[in-house]
Amino acid sequence: MTTVLPPAESEMGAEFDFDYVVIGSGFGGSVSALRLSEKGYRVAVMEMGSRWSPETLPKTNWNLRRFLWAPFAGLRGFLSLRLFKHVMILHGNAVGGGSITYAQTLLVPPDRVWSEGSWADLDQWTDVMPGHYDTAKRMLGVTRNPLLGPGDLRLRQMADVVGVGDTFYATDVGVFFGPPGAEPGSVHPDPYFGGKGPERRACMGCGGCMVGCRHGAKNTLDQNYLYLAERLGARVFAETRVTDVHPLGLSSDGREGYAVHVRPTYGSSAGARRYTARNVVFSASSLGTQELLLRLREDGSLPNISEQLGRKVRTNAESILTIRYPGSKHDLSKGIAIGSGIYIDEHTHIEAVRYPAGSDMMGSLFTVLTHGKPGWSRPLSWVVAMIALLLRHPLKALRFLLPFGFAMQTVILLCMQTIDGHINMKLRRRWYWPFSRTLVSEGDRIPTFIPEANRFAEVAAKATGGIGGSSFFEIFFNVPMTAHCMGGCAMGRSAHDGVIDAQNRVFNYQNLYVVDGSMIAANLGVNPSLTITALAERAMSFIPPKP
Ligand SMILES: Cc1cc2nc3c(=O)[nH]c(=O)nc-3n(C[C@H](O)[C@H](O)[C@H](O)COP(=O)(O)OP(=O)(O)OC[C@H]3O[C@@H](n4cnc5c(N)ncnc54)[C@H](O)[C@@H]3O)c2cc1C
Ligand code: SF4
């Protein structure tokens, strides 16, 4: 923390290098960058991930070096998989944050979320949020999916089988489909921002959204918020990781601004630099902001962060199941990444997900659908399920077990429940590696699988001639997988029940904000990015224009 670093060039002239340094360029960071730039502030965005273009994105997710993010292993992609004791968390690292790899489903949660958790009563939420959701939808180009692919039609068939066909819906998504009758792949001048945005191509329904859209149809943040912010002068520093943030001057509460230390994500610490800013916005995602703030609190850079940091981290109570049709003639990879959804009961929501043809890597994370009780006995249930499958359909079973063909033959079921549950995060030294502290989860177990969803998958697979699948991590490590990590720096009335106030200001500090998924204080039960965007719009609405 005390390494002497060369001063930034601009330290010679201006009082601060930037008015605002934003850490992370995902939903919270990109909204902040644009709105602050519009208000006349000098903004820098520090992003540890890379900048991607249609030319550099991987063709399939077998290209692990460009798909997965694990710099220590030489993987410089954009999808990170982090295994904790309680949960396996998937998240994005890139210029544009999770938007590069996400499935662009943008749903408004039910009103009840505003009366739960530590943010209840902090505002007239149900009065103020609709306006911010409208802005977020306009900026992200949200529209109803007109391309129901074979996988979506299968989901509708499955819903009919279990008697919930009337709940089937096409998703609201951030994708450009072109004007009515547009040819897939046709080029159109900026359709969203009166000519100020980039030109776009109409969606081809290739199913490639989660491997990165190589056709310019997905409304990623580098095509809207971040694109416009850069045109207004915001500087985006890609492959630049923030390692320290501490108050400048004699006062310890940040009223004199902050020093922000960065180093190149890849390469040596020789490229480390120090910038100064009047204000800092933490937008490094729920996991990223918690980890960075926990380190800064323990290292003494920001020692007065609330004890609530890392508490009440929520996962949308998710479980990912599959139904695979080995040898099927229907190409289930066509359509958009999440084309449709159903509700199998009032708490349980299931979406149909897909990867593009050839992107079978995720198939290696799944095995036969396994029931039983979470814990030591579940692997035994798996053995029984495997034997039963091999005896009943030996050939089909072998094809099912190999990942090849997974994307074209599988409907992935993303199951979410609105039932609340949470874990806590903290830094701890591991007995096998005591030299550094790692982020670990603790607390009661969150549900490892959703029995209602498992039952649905079993019945639906039988009725449609498929084979149900569960994730290996669920069965052997007793952890669910989630792409929806939320909370950890929740809003509250004071530092006793939250980390930030109702205007996203960090308690006990000045000029310090948290604007990302970590601010969320309830289980949304739907994909969170639209809510993060809307809440970021709200947070920025409190900041006055630069005098
Ligand atoms: C495969 C997948 C599919 C998904 N599908 C959907 C979906 O369909 N709909 C939906 O709503 N949500 C979806 N999500 C979730 C969604 O991506 C996240 O909820 C969302 O991106 C969170 O936004 P955020 O602003 O909190 O941060 P993020 O978008 O995660 O951005 C944070 C950024 O901060 C950067 N960062 C972190 N630490 C540092 C540091 N120290 N220095 C510099 N930079 C740093 C990271 O690299 C990252 O780019 C999906 C996620 C995944 C992984
Ligand atoms: S389906 Fe293909 S073209 Fe359409 S948004 Fe997804 S990746 Fe882009």
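A few points on the structure. (Residues numbered from 1 in each chain as written. Chains lettered and ligands numbered in written order. Predicted model: local features only at pLDDT ≥ 70, side-chain atom pairs only at ≥ 80, totals over all residues. Heavy atoms only, no water.)

### Re the sheet that holds strand β6 (residues 88-92)
The pairing of strands in a sheet happens through backbone hydrogen bonds and is either parallel or antiparallel.
Phase 1: Strand order in this open sheet of three strands is β5-β6-β25, and the pairing throughout is mixed. With partners counted over all chains shown, the strands left at the sheet margins are β5 (79-83) and β25 (481-482), one partner each.
Phase 2: Alignment of β5 against β6, held across five bridges, turns out to be antiparallel. Of the residues in β6, the one forming a bridge with L83 is M88. (Pairing = 2+ DSSP bridges. Helix = DSSP H or I, 4+ residues; strand = E, 2+ residues; numbered from the N terminus.)

### Considering the pattern of salt bridges
Phase 1: Per the counting criterion, the structure on display carries 20 salt bridges.
Phase 2: A salt bridge links D172 to R144; its shortest N-O distance comes to 2.6 Å. Separated by 28 residues along the polypeptide, D172 in strand β9 (residues 172-174) and R144 in strand β7 (residues 142-144) bring together distant segments of the chain.
Phase 3: On the basis of relative accessibility, which here comes to 53%, the residue R144 falls in the exposed class.
Phase 4: A salt bridge links R255 to D253; its shortest N-O distance comes to 2.7 Å.
Phase 5: R255 gets classed as partly exposed once you look at its relative accessible area, which sits at 46%. (Salt bridge = Lys/Arg side-chain N within 4 Å of Asp/Glu carboxyl O. Buried < 20%, exposed > 50% of the residue type's maximum accessible area, 1.4 Å probe, protein only.)

### Section: the sheet that holds strand β8 (residues 169-170)
Phase 1: Taken in spatial order, the seven strands make up an open sheet running β8-β18-β19-β21-β17-β24-β20, and their pairing is antiparallel. Two strands bound the open sheet, and with one partner strand each, they are β8 and β20 (366-368).
Phase 2: Two strands pair when backbone bridges link them, and strand β19 (residues 348-353) and strand β21 (residues 410-417) are joined in this way by six bridges, in the antiparallel orientation. Across the sheet, the residue bridging to E351 is L414, located in β21.
Phase 3: Sheet contacts for helix α4 (residues 150-161): β17 (318-324), β18 (338-343), β19 and β21; angle to β18, the most-contacted strand, approximately 10°. (Contact = heavy atoms within 4.5 Å. Axes fitted to C-alpha atoms, helices over the stretch in contact; angles between N-to-C directions.)

### Remarks on the site of ligand 1
Phase 1: In the neighbourhood of ligand 1, 39 residues make up the surrounding shell, with E47, G98, T105, G517 and S529 lying closest.
Phase 2: A distance of 2.6 Å separates an oxygen atom of ligand 1 from a polar atom in the side chain of E47.
Phase 3: Residue G517 places a main-chain N or O atom 2.8 Å away from an oxygen atom belonging to ligand 1.
Phase 4: Counting residues per element, the ones that place at least two in the shell around ligand 1 are α1 (27-38), β6, β13 (240-247), α6 (285-299) and α12 (529-541).
Phase 5: Looking at the shell around ligand 1 residue by residue, the class counts come to 17 nonpolar, 19 polar and three charged. (Near = heavy atom within 4 Å. Polar contact = N/O pair within 3.5 Å; in protein donor to acceptor, adjacent residues only side chain to side chain. Nonpolar A, V, L, I, M, F, W, Y, C, P; charged D, E, K, R; others polar.)

### Quick notes on empty space enclosed by the protein
Phase 1: As enumerated under the stated definition, the model contains two cavities of 30 Å³ or more in all.
Phase 2: If you add up the space inside the largest cavity, you get close to 90 Å³.
Phase 3: Considering the residues around the largest cavity, the lining is formed by 15 residues, among which C203, C206, C209, C213 and A217 are closest to the centre.
Phase 4: Grouping the amino acids of the lining of the largest cavity by side-chain chemistry returns eight nonpolar, six polar and one charged.
Phase 5: Here the second largest cavity defines a volume of roughly 50 Å³.
Phase 6: Taken together, T322, R324, G363, F366, T367, F400 and F406 form the lining of the second largest cavity.
Phase 7: Only β17 and β20 provide two or more residues apiece to the lining of the second largest cavity.
Phase 8: Per-class residue counts for the lining of the second largest cavity are three nonpolar, three polar and one charged. (1 Å grid on protein atoms, 1.4 Å probe; cavity = no way out; pocket = protein on both sides within 12 Å on 5 of 7 lines; lining within 4 Å. Points joined across faces, edges and corners; volume = space filled by probe spheres on them.)

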